[in-house]
Amino acid sequence: MTENRRKFLKKSAGVIAGAGVVSGFISKYATGFADAATEKAVTKKKIRWGMVIDMRKCVSGCEKCIDACHLTHNVPDFDNPKDEIKWIWKSDYHKVFPSKSQQFVAAETREKPFLTLCNHCENPPCVKACPTGATFKQSDGIVEMDFHRCIGCRFCMAACPYGSRSFNWRNPRPAIKNITPDYPTREHGVVEKCNFCSERLAKGQQPSCVEACPEKVLTFGNLYDKNSEIRQVLKDNPTIQRKPELGTNPSVFYIT
Amino acid sequence: MLEKFLIFGGLTAFLLAATFPFWQNAAPEDYPKVAMETKGEQCVAPASYMRENHMQLLNEWRDSVVRDGDRFHIMPDGSKVEKSLTKTCLGCHVSQEKFCEECHTYASVKPYCWECHVTPKSGAHTELTGIETEKLEEDNLLNNLLVRNRVFVAGNLNFAVKQQ
Ligand code: SF4
Ligand code: SF4
C-alpha cells in the first residue's frame, strides 16, 4: 500500500514536471501569438462610424439620397407598402421621435418628412436577437448583415425599435429597375437594411446618400476621432437621437 | 442443355443490363465544353487548384469579405484584386453560362450564387473592372498570402514559398 502510494507520488511528480515543461513551451508560443495579436489591435485605428442629419437643411420633396442609396444597393421597388423594402426613407416626425420628450416643436419641423435609416446602434438589439449570427457588429461600429446566413426568421425585425429592417416577401429581382452589378441583390425570404455603405467606405468613399445630397444635410465620419468633421458638428449643434431611453445608443444624430 | 443455356444466357444479359451505366460511362464523349477564353493573363490561383477547389476559395472569399471586411486577394504575381465573383471572376471569364453552368449542369450541382450575385451579360464587359494592380510591399507578400488565403496556401505550400 505505502509502496504503491510512493510509486504513485513519484510518477505523478514526473507527470506534473513534464506537463510544466510542455506548458512552458506552449505558453511561450501562446504569448508569442498573443503579442502579435495585441500589436495588431493597437495599430488598428479605433473607428465608430456615425452620421449627423441636419433636418433644417433637408428639402421636403427631395429624395435624391434615397434614390442614390437604392440604386447603389439594388433595393427593389414593389410599389406596394406591404412589400416595401427600405434602406433610407422619409417618415413623419412623430413616428421618428415618438417619445414626446419635445413639446411645442415648431410646426415646420413637426410637419416635415424626417429622414430615417438604420441607426447602427452601439448596443444593437437586432444583433442579440439574430439566432444565426447573420446580423453582427463590425469593429468599425457598423451593424452589418451577412445575407448568405439569413434564414428569414425576422427576429431582428421584432427586436429593432426603429423599423429599420425590411423583409423580402417576394423575389426582389423583377422589382429592381436598374440593376447595379457591383452589388448583389437579395433573395426571397431574406431581411435587409442599410449597411452604412461599408463596401464604399472600404474604397475610401463616402456613403451614397451623403454624396448625393445637394444640400449637405448629411455629415458622415468617425465618432471616435476628436478632430473629425462630424465631432465638430456635434460640438457646435444641439442634437437628438431616436428613442434614447432604450439605451441602444444610435450612431445617427439629428439637428432639428 | 437448354436449361443451362437459358440460365447462363439470362445471367449474362442481366449482368450486362445491370452494369450498363458503367459501360456507358467508360468512354464518355459528351464532356462539358467549358469556355476557357479569358480577358486576363492569370487566374487568382493556379488552374489545377481552381479546378478542384474553387468552391472552397469562394467560401473563403465570402467569409473574409463579409465578416472581416478583407476585400482584396493577392494574385500569384503579388498584385491585388477584389474578392468578387461578379467583378473579378466574371470580369475575366467571359460567360457565366459557358464557364460555370456548363460544368455545373454536367456534374448536377446547383449552387445558388446567382440568385443574388449579378451575372454580367455575356460579352458586355469591356474591361477588367474588378482588377487593380497595386503592388504590395515585398516583405508583406508571404505574410499576406498566408493570412489571407489560408485555403489555397495549405494546398500549395510550394507555391507560396516560391512567391517569396
Ligand atoms: S431574419 Fe435573418 S438577420 Fe434577422 S434575425 Fe433572422 S436570421 Fe438574423
Ligand atoms: S436601428 Fe435597428 S437594425 Fe439598426 S442597429 Fe439599431 S436595432 Fe439594429
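What counts, and where the lines are drawn
- Along every chain, residues carry numbers that run from 1 in the direction the sequence is written.
- Chains carry letters from A onward and ligands carry numbers from 1 onward, assigned in written order.
- Where local features are concerned, this predicted model is filtered to residues with pLDDT of at least 70; where side-chain atom pairs are given and counted, the filter is 80 or more; whole-chain, interface and lining totals use all residues.
- No hydrogens and no water enter the side-chain calculation; it runs on all heavy atoms of the structure.
- The helix count covers DSSP runs of H or I at least four residues long, the strand count covers runs of E at least two residues long, and both are numbered beginning at the N terminus.
- The buried label goes to any residue with under 20% of its type's maximum accessible area, the exposed label to any with over 50%, and the partly exposed label to all in between, with areas taken from a 1.4 Å probe on protein chains only.
- Here a residue-residue contact requires only that any non-hydrogen atoms of the pair lie within 4.5 Å.
- Using a 1.4 Å probe, accessible areas were evaluated by the Shrake-Rupley method; residue-level cover was limited to the displayed protein chains.
- Proximity is defined per residue: any heavy atom of the residue falling within 4 Å of a molecule or strand makes that residue near it.
- All amino acids are sorted into three groups, where Ala, Val, Leu, Ile, Met, Phe, Trp, Tyr, Cys and Pro are nonpolar, Asp, Glu, Lys and Arg are charged, and the leftover types, Gly among them, are polar.
- For this analysis, a nonpolar core means a set of buried residues of the types Ala, Val, Leu, Ile, Met, Phe, Trp, Tyr and Cys, connected via side-chain atoms within 4.5 Å.
- Here, a salt bridge means any side-chain nitrogen of Lys or Arg that lies within 4 Å of a carboxyl oxygen of Asp or Glu.
- Defined here as a combined quantity, buried area equals the accessible surface (1.4 Å probe) lost by two parts on assembly, summed across both.
- A helix's residues, less one, multiplied by 1.5 Å, set its expected span.
- We define the bend at each residue as the angle formed by axes fitted to the 7 residues ending at it and the 7 residues starting at it.
- Stacked, edge-to-face and tilted are the three classes for Phe, Tyr and Trp ring pairs, Trp counted by its six-membered ring, which pair at centre distances within 6.5 Å; planes under 30 degrees apart are stacked, over 60 edge-to-face, the rest tilted.
- We call a charge positioned over a ring when the NZ of a Lys or the CZ of an Arg lies within 6 Å of the ring centre and within 35 degrees of the ring normal.
- At least two DSSP bridges between two strands are required for those strands to pair.
- Note on method: axes are straight lines fitted to C-alpha atoms, helices fitted across the in-contact stretch only, with angles between N-to-C directions ranging 0 to 180 degrees.

> Please explain the overall build of chain B as it appears in this structure.
Helix and strand counts for chain B come out as eight helices and three strands. The N-to-C order of helical and strand elements in chain B reads α-α-α-β-β-α-α-β-α-α-α. Buried positions account for 32% of the 164 residues belonging to chain B. For chain B, restricting intrachain contacts to residue pairs at least 6 apart in sequence, the fraction spanning at least 24 positions comes to 69%. Accessible surface computed for chain B: about 11100 Å², of which carbon and sulfur atoms make up 58%.

> Please clarify how the overall build of chain A should be interpreted in this entry.
Counting its secondary structure elements, chain A contains nine helices and nine strands. Once local pairs closer than 6 in sequence are excluded, the contacts in chain A between residues at least 24 apart make up 67%. Per element, the accessible surface of chain A, about 14700 Å² overall, is 56% carbon and sulfur.

> I'm lost on the site of ligand 2 in this one. Help?
Looking at ligand 2, there are 14 residues lining it, with A:C118, A:C121, A:C126, A:C160 and A:R165 nearest. Tallied by class, residues from the shell around ligand 2 come to nine nonpolar, three polar and two charged.

> So what exactly am I meant to see when it comes to the site of ligand 1 here?
Close to ligand 1 lie 13 residues; A:C130, A:C150, A:C153, A:R154 and A:C156 are nearest. Across the shell around ligand 1, the residue classes break down as nine nonpolar, three polar and one charged.

> Would you explain the nonpolar core in this entry?
A general feature of soluble globular proteins is that nonpolar side chains tend to end up buried together. Judged by nonpolar contacts, the single largest core of 47 residues is most densely connected at A:M51, A:I53, A:F196 and A:L218. Where this core is concerned, the elements lending two or more residues are β1 (49–54), α2 (64–72), α3 (93–96), β3 (114–117), β5 (143–145), α8 (208–212), β8 (218–222) and β9 (252–255) of chain A. With sequence-adjacent residues up to four places away left out, A:I53 is seen in contact with A:L115, A:L117, A:V217, A:L218, A:V252, A:F253, A:Y254 and A:I255. Membership of the second largest hydrophobic core comes to eight residues, among which are B:A45, B:L57, B:W61 and B:M75.

> When you look at the pattern of salt bridges in this model, what are you seeing that I'm missing?
Side chains that differ in charge, positive against negative, can pair when their charged atoms come close. This model, assessed by the stated rule, comprises twelve salt bridges over all chains. B:K87 is paired through a salt bridge with B:E82; the nearest N and O atoms lie 2.8 Å apart. Across this residue pair, the class does not change: B:K87 and B:E82 are buried. Each member of the salt-bridge network shares a partner with another, and the members are A:D54, A:R56 and A:K57.

> I keep staring at the interface of chain B and chain A and nothing clicks. Help me out?
It is common to give the size of an interface as the accessible area that goes away when the parts come together. Facing twelve residues of chain B, the contacting portion of chain A comprises 23 residues. Taken over both partners, the interface formed by chain B and chain A buries close to 1500 Å², and the fraction arising from carbon and sulfur atoms is 52%. Area buried by chain B at its contact with chain A is led by B:R67, B:C116 and B:V118, which between them contribute 36% of it. Taken together, chain B and chain A are joined by one salt bridge. Between A:D146 and B:R67 there is a salt bridge, with the nearest N and O atoms lying 3.2 Å from each other.

> Is there a simple way to explain helix α3 (residues 47–68) of chain B in this structure?
Structural remark: α-helix, 3.6 residues per turn; residues separated by three or four positions point the same way. All names here are of chain B. In a regular helix each residue adds 1.5 Å, so 22 residues correspond to 32 Å; α3 covers only 26 Å between its end C-alpha atoms and thus falls short of that length. The largest bend along α3 measures about 85° and falls at N53. Looking at α3, one finds that the buried residues are Y49, M50, N53, L57, E60, W61, S64, V65 and V66. Immediately beyond the C-terminal end of α3, within one or two residues, lies G69, with a positive phi of roughly 65°.

> I'm lost on the environment of A:P161 in this one. Help?
All names here are of chain A. Inspection of the secondary structure puts P161 in the loop between α6 (155–159) and β6 (166–167). Accessibility expressed as a relative area gives 21% for P161, which makes it partly exposed. The spacing of P161 and R242 is 81 residues in sequence and 9.4 Å in space, taken between C-alpha atoms. The contact partners of P161, leaving out residues within four places of it in the chain, are P125, K243, L246 and T248.

> Before we go on, may I ask you to explain the packing of aromatic side chains in this structure?
One pair of aromatic rings is described through two measures. These are the centre distance and the angle between the planes. All names here are of chain A. According to the stated counting rule, one finds nine aromatic pairs over all chains in the structure shown. Clustering of aromatic rings is evident, with ring pairs tying together Y93, F97, F114 and Y254. The ring of F167 is capped by R154, whose NZ or CZ atom sits 4.7 Å from the centre of that ring. The ring of F147 has R186 sitting right over it, with the charged end atom 5.3 Å from the ring centre.

> Would you mind going over unusual backbone geometry with me for this structure?
Trans peptide bonds make up the majority, and among non-glycine residues the majority have a negative phi. All names here are of chain A. Residues other than glycine seldom take positive phi values, yet D79 does so here, at roughly 60°. Mapped onto the elements, D79 comes out in the loop between α2 and β2 (88–91). Positive phi, close to 55°, is recorded for C197, a residue that is not glycine. By relative accessible area, C197 is classed as buried at 5%.

> Even after reading the chapter, I still don't get the pairing of β2(A), so can you show me in this structure?
Consecutive side chains of a regular strand alternate in pointing toward one face of the sheet and then the other. All names here are of chain A. Residue alternation in β2 divides its side chains into two sets, I88 and K90 and W89 and S91, and both sets are buried. Where β2 and β3 come together, four bridges link them in antiparallel fashion. Each bridged residue has a counterpart across the sheet, and for S91 the counterpart in β3 is F114.

> In this structure, what is going on with the sheet that holds β8(A)? I would like to understand it.
Paired through backbone hydrogen bonds, the strands of a sheet run either parallel or antiparallel to each other. Residue and element names in this part refer to chain A. Sheet architecture is open: three strands sit in the order β8-β1-β9, paired in mixed fashion. A strand with exactly one partner marks an edge of an open sheet, and here the two such strands are β8 and β9. In this sheet, adjacent strand axes meet at a mean angle of 20° when their direction is disregarded. Relative to β9, β1 is paired through four bridges, and the arrangement is parallel. By the bridge assignment, I53 is partnered in β9 with Y254.

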